[in-house]
There are 2 protein chains.
Amino acid sequence: MRNLKIIMAYRGTNYHGYQIQPNVLTIQEVVQRHISKVLNEPITMVGCSRTDTGVHANGYVFNVHTNSSINIKGLLRGCNNLLPNDISFLSCEEVPEEFHSRFDCKYKEYVYLIHNCESKNPFAEDLQLHYRRPINIDLIKEASRHYVGTHDFRSFSAVKDDNIDTIRTIYDFNIESCGNLIKVLVKGNGFLYNMVRILVGTLLDVNEGYILPNQIPDIIDSKNRLKAGRTAMAHGLYLNKVYY
Amino acid sequence: MRNLKIIMAYRGTNYHGYQIQPNVLTIQEVVQRHISKVLNEPITMVGCSRTDTGVHANGYVFNVHTNSSINIKGLLRGCNNLLPNDISFLSCEEVPEEFHSRFDCKYKEYVYLIHNCESKNPFAEDLQLHYRRPINIDLIKEASRHYVGTHDFRSFSAVKDDNIDTIRTIYDFNIESCGNLIKVLVKGNGFLYNMVRILVGTLLDVNEGYILPNQIPDIIDSKNRLKAGRTAMAHGLYLNKVYY
C-alpha cells in the first residue's frame, strides 16, 4: 500500500477544529471527503495534531494509506480544485509505509500573531489577535526566556487529569515585531491542550503588570493553572511547521 | 468651521467601491453614516479618489468639515467602535479649512499583491491575485521600466472619452518578491480608470510571452487599449498612500 504525506494550510475560522466530531464541521471531515473522492476509495487521514476551533495552520501534516496509483501532481490538482477556498494542499510526497504523522513528529512550531495597534486591522479580523495597548517587547521577552527548556507545564495547560504527563521541552521562544505586527514563534517537542495560548496570554498579563517576568519560574513550579495568565484567543494561533 | 483629515484602511471585498451610489453598499455611504452619528450632524466626505468594487485601501484619505468640537481621540474611538470590522480609521488630524483631499493630492501610491504559487493561499482569497504559473521577475521588471516617466497612458486605461487628458507621470514602479508573494508598487501623480490593473495585467501577458518587454513603448505610443494586456483582477489592488 502507498503512504502519502501531505502538507496543507487552512484558515480555521469556519471550522470546529481539525478532528472529526458529530454535528459540526471540521477540517478532517471536509478533507477526508474530498480526498476520498479524488482517490476513489474511503480514506482515513492520520493527522499530526488536533487544532482548536478557529486555530489556523500554515503547514499541517497528515498521511493517508491508499491503493490508488494516482500521480502526486494529479492528486494535488484534483484536491485543490475540489477543496473550499480556506483549505489548500501545499505538497505531497510518497513516504515509507510505516511513516506516521503523529508518532514520528520530532517537534512542532506554532506562530501567534498580534495586531498591536489602537485601530483594528480590517484585513485580519479572524487572523490576528487585536491588542490595543502598547506592548513592551523587552518586558515580555524577558518573561518568555523562562519558558525555554524542559519543564512541567501543567500551569500552562487546560489539562485536568493528574495522570497525564505534562513535562515538555520548549527549544525556542522568539518574539519579533514589524510595524504593528507582533509575531511569537514557539518550537517544542510537544504542546499540551491550550498551552501556546496560555503561554502567550500570560505574556499579555506581564505586559499589563499583573505578572512580573521573574515570577514565571514560580508559576511553572506551582503546577497550578490559576497562577498563570489568561488564555489568548484562538484566532491568532497557527500550527506553523511540523518536523520529522 | 473645523476641517478634519482622516486616514482609513478598508477591505473592499463587500463594497461596490468607494463612491456613494443608489441601491448598492459603498464605503462612502457606510462611513458617512457612522461619522455623522458620532459628530451629531450630517457629514459629507471629500474623498481623495474613487476605488473600484473589491479594491482595498491601506491609507485612504478624506476630509470632513464639521462644527463639532469633539476631540480627535474621541472621534477615532467613537467611529472605530461603530464601524464594521472591514473599515478602520487609522488617524485624524486638524487641517486648514481650505485643505481638499482630492485637489491637494500631489501623488498616490498603489500596491498590487500577487500570490504566485500553484496552491492557493487560504488566508488571502480576496486579498491577493492567485497566479499559478511561475513569474519571471527579471522579465516583468524589464517591461515595467518602460512605464516610468510622463506618458500618454490611454492604452492603459478604460477611458473612452477622447477629450479626457490621459497624460500621467509614473515616478516609481517597483516589483518585490518575498516567498510566494509578489508586491508591485506604483507611485504616480494620478491614475486613469483601471490604469494600475491594466499596467499589472500587461506584465502578466509579458510573463506568458504574449507581449515582449521592448514592445511596451509601441503600446504606449499606439494610444489603443486593445494593444495593452488584460485587466488584472480588482481584489489584488490597494490604494496604499496619498501624498500631499
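Structure's up top.
Asks: Explain the overall build of chain A to me, please; I cannot follow it from the model alone.
Replies: Along chain A, the regular secondary structure elements total five helices and 10 strands. Here the C-alpha radius of gyration of chain A, 19 Å, is about what a compact globule of 244 residues would show, namely 18 Å. Over its C-alpha atoms, taken along the principal directions, chain A stretches across nearly 60 × 45 × 30 Å. Relative to its full complement of 244 residues, chain A shows a buried share of 56%. In chain A, 71% of the contacts between residues at least 6 apart in sequence involve partners at least 24 apart. Only carbon and sulfur atoms are counted for the fraction: they give 48% of the accessible area of chain A, which is about 11,200 Å². The average position of the 27 basic charges and that of the 25 acidic charges among the side chains of chain A differ by 3 Å.

Asks: Would you mind going over the environment of Ala158(A) with me for this structure?
Replies: All names here are of chain A. Position of Ala 158 among the secondary structure elements: in the loop between strand 7 (149-152) and strand 8 (167-178). Residue Ala 158 is classed as partly exposed on the basis of its relative accessible area of 25%. Contacts of Ala 158, omitting those with residues within four sequence positions, involve Tyr 193, Asn 194 and Ile 198.

Asks: Which parts of the structure should I look at to understand the interface of chain A and chain B?
Replies: How big an interface is tends to be expressed through the accessible area that disappears when the partners come together. Each partner contributes to the interface: chain A provides 25 residues, whereas chain B provides 25 residues. Contact between chain A and chain B buries roughly 2,000 Å² in total, counting both sides, with carbon and sulfur atoms accounting for 48%. Of all residues in chain A, the largest losses of buried area upon contact with chain B belong to Lys120(A), Pro122(A) and Phe123(A), amounting jointly to 38% of the total for that side. Where chain A packs against chain B, one counts two salt bridges. For Arg77(B), the salt bridge is made with Glu118(A), and the minimal N-O distance between the two is 2.9 Å. Looking at the side of chain A that touches chain B element by element, the count peaks at four residues for strand 4 (residues 87-95) of chain A.

Asks: In this structure, what is going on with the layout of surface pockets? I would like to understand it.
Replies: Over the atoms rolls a probe the size of a water molecule, and its path tells where empty space is left. Taken as a whole, the largest pocket spans an internal volume of roughly 1,800 Å³. Listed by contribution, the elements that provide at least two residues to the lining of the largest pocket are strand 5 (107-116), strand 8, strand 9 (181-188) and strand 10 (237-243) of chain A together with strand 5 (107-116), strand 9 (181-188) and strand 10 (237-243) of chain B. Tallied by class, residues from the lining of the largest pocket come to 25 nonpolar, 16 polar and five charged.

Asks: Honestly, the packing of helix 3 (residues 137-144) of chain B against helix 4 (residues 195-207) of chain B in this entry has me stumped. Any pointers?
Replies: The axes of two packed helices give the description: the angle between them and the distance between them. All names here are of chain B. The geometry of helix 3 relative to helix 4 is characterised by a closest axis approach of 9 Å and an angle of 130° between their N-to-C directions. The angle between the axes of helix 3 and helix 4 places the two elements in the oblique class. For helix 3 against helix 4, the interelement crossing comes out right-handed. Contacts between helix 3 and helix 4 involve Leu 139, Ile 140, Ala 143 and Ser 144 from the first element and Leu 203, Val 206 and Asn 207 from the second. Residue classes in the contact of helix 3 with helix 4 are distributed as five nonpolar, two polar and no charged.

Asks: Teacher, can you tell me more about the pairing of strand 8 (residues 167-178) of chain B here?
Replies: A regular strand carries its side chains on alternate faces of the sheet. Residues and elements named next belong to chain B. Relative to strand 8, strand 7 (residues 149-152) runs antiparallel, the two sharing four bridges. If you follow Gly 149 over to strand 8, its bridge partner there is Ile 170. Two successive antiparallel strands, strand 8 and strand 9, enclose a turn made up of two residues, where Gly 179 displays a positive phi of approximately 60°.

Asks: Honestly, the side chain of Asp126(B) in this entry has me stumped. Any pointers?
Replies: Residue and element names in this part refer to chain B. Position of Asp 126 among the secondary structure elements: in the loop between strand 5 and strand 6 (129-131). With relative accessibility at 15%, the residue Asp 126 sits in the buried group. Within polar-contact distance, the side chain of Asp 126 engages the side chain of Thr 13 at 2.5 Å. Asp 126 has contacts with Arg 11, Thr 13, His 56 and His 235, leaving out every residue within four places of it along the chain.

Asks: Would you mind going over the packing of helix 1 (residues 27-39) of chain B against helix 2 (residues 72-82) of chain B with me for this structure?
Replies: Residue and element names in this part refer to chain B. Interhelical geometry of helix 1 versus helix 2 gives an angle of 135° and a closest axis separation of 9 Å. Judged on the interaxial angle alone, helix 2 and helix 1 are oblique. You can see that helix 1 and helix 2 cross each other, and the crossing is right-handed. Two secondary-structure elements touch here, helix 1 through His 34, Ile 35, Lys 37, Val 38 and Leu 39 and helix 2 through Leu 75, Gly 78, Cys 79 and Leu 82. In terms of residue class, the contact of helix 1 with helix 2 is built from six nonpolar, two polar and one charged.

Asks: Where do I start with the pattern of salt bridges in this structure?
Replies: Side chains that carry opposite charge are capable of pairing whenever their charged atoms lie near each other. All names here are of chain A. By the definition in use, this model includes 20 salt bridges over all chains. The salt bridge partner of Glu 93 is Lys 5, with a shortest N-O separation of 3.5 Å. Here Glu 93, found in strand 4, pairs with Lys 5, found in strand 1 (residues 2-10); they are 88 residues apart in sequence, far enough to count as distant. With a relative accessible area of 40%, Glu 93 lands in the partly exposed category. One salt bridge in this structure joins Glu 208 and Arg 230, with 2.9 Å as the shortest N-O distance.

Asks: What is the right way to read the relation of the copies chain A and chain B from this model?
Replies: Two copies of the chain are present, and they differ by a rotation about an axis and a shift along that axis. When chain A is fitted onto chain B, the two copies agree to an RMSD of 0.0 Å after a turn of 180° and an axial shift of 0.0 Å. The operation mapping one copy onto its partner corresponds to a two-fold rotation axis. Residue by residue, 100% of the interface of chain A is reproduced at the interface of chain B, so both copies engage with the same surface.

Asks: Hey, could you run me through helix 3 (residues 137-144) of chain A in this one?
Replies: For an α-helix, the turn length of 3.6 residues means that residues three or four places apart are oriented alike. Residues and elements named next belong to chain A. Within the sequence span of helix 3, burial applies to Ile 137, Ile 140, Ala 143 and Ser 144. Along the axis of helix 3, the buried residues cluster in a sector spanning 130°; they form a single face. Where the residues of helix 3 are buried, they touch strand 8, strand 9, helix 4 (195-207) and helix 5 (216-222). N-capping of helix 3 is provided by Asn 136, with a side-chain oxygen placed 3.3 Å from the backbone N of Asp 138.

What counts and how
- Residues numbered from 1 in each chain as written.
- Chains lettered and ligands numbered in written order.
- Predicted model: local features only at pLDDT ≥ 70, side-chain atom pairs only at ≥ 80, totals over all residues.
- Heavy atoms only, no water.
- Helix = DSSP H or I, 4+ residues; strand = E, 2+ residues; numbered from the N terminus.
- Rg over C-alpha atoms; globule rule 2.2 N^0.38 Å.
- Buried < 20%, exposed > 50% of the residue type's maximum accessible area, 1.4 Å probe, protein only.
- Contact = heavy atoms within 4.5 Å.
- Areas by Shrake-Rupley, 256 points an atom, 1.4 Å probe, with all protein chains shown as cover.
- Lys, Arg positive; Asp, Glu negative; His and termini not counted.
- Charge placed at Lys NZ, Arg CZ, Asp CG, Glu CD.
- Buried area = accessible area lost by both parts, 1.4 Å probe.
- Salt bridge = Lys/Arg side-chain N within 4 Å of Asp/Glu carboxyl O.
- 1 Å grid on protein atoms, 1.4 Å probe; cavity = no way out; pocket = protein on both sides within 12 Å on 5 of 7 lines; lining within 4 Å.
- Points joined across faces, edges and corners; volume = space filled by probe spheres on them.
- Nonpolar A, V, L, I, M, F, W, Y, C, P; charged D, E, K, R; others polar.
- Axes fitted to C-alpha atoms, helices over the stretch in contact; angles between N-to-C directions.
- Parallel < 35°, antiparallel > 145°, perpendicular 65-115°, else oblique.
- Left-handed = near helix turned anticlockwise from the far one by under 90°.
- Pairing = 2+ DSSP bridges.
- Polar contact = N/O pair within 3.5 Å; in protein donor to acceptor, adjacent residues only side chain to side chain.
- Least-squares fit on C-alpha atoms with pLDDT ≥ 70 in both.
- Arc of directions from axis to C-beta.

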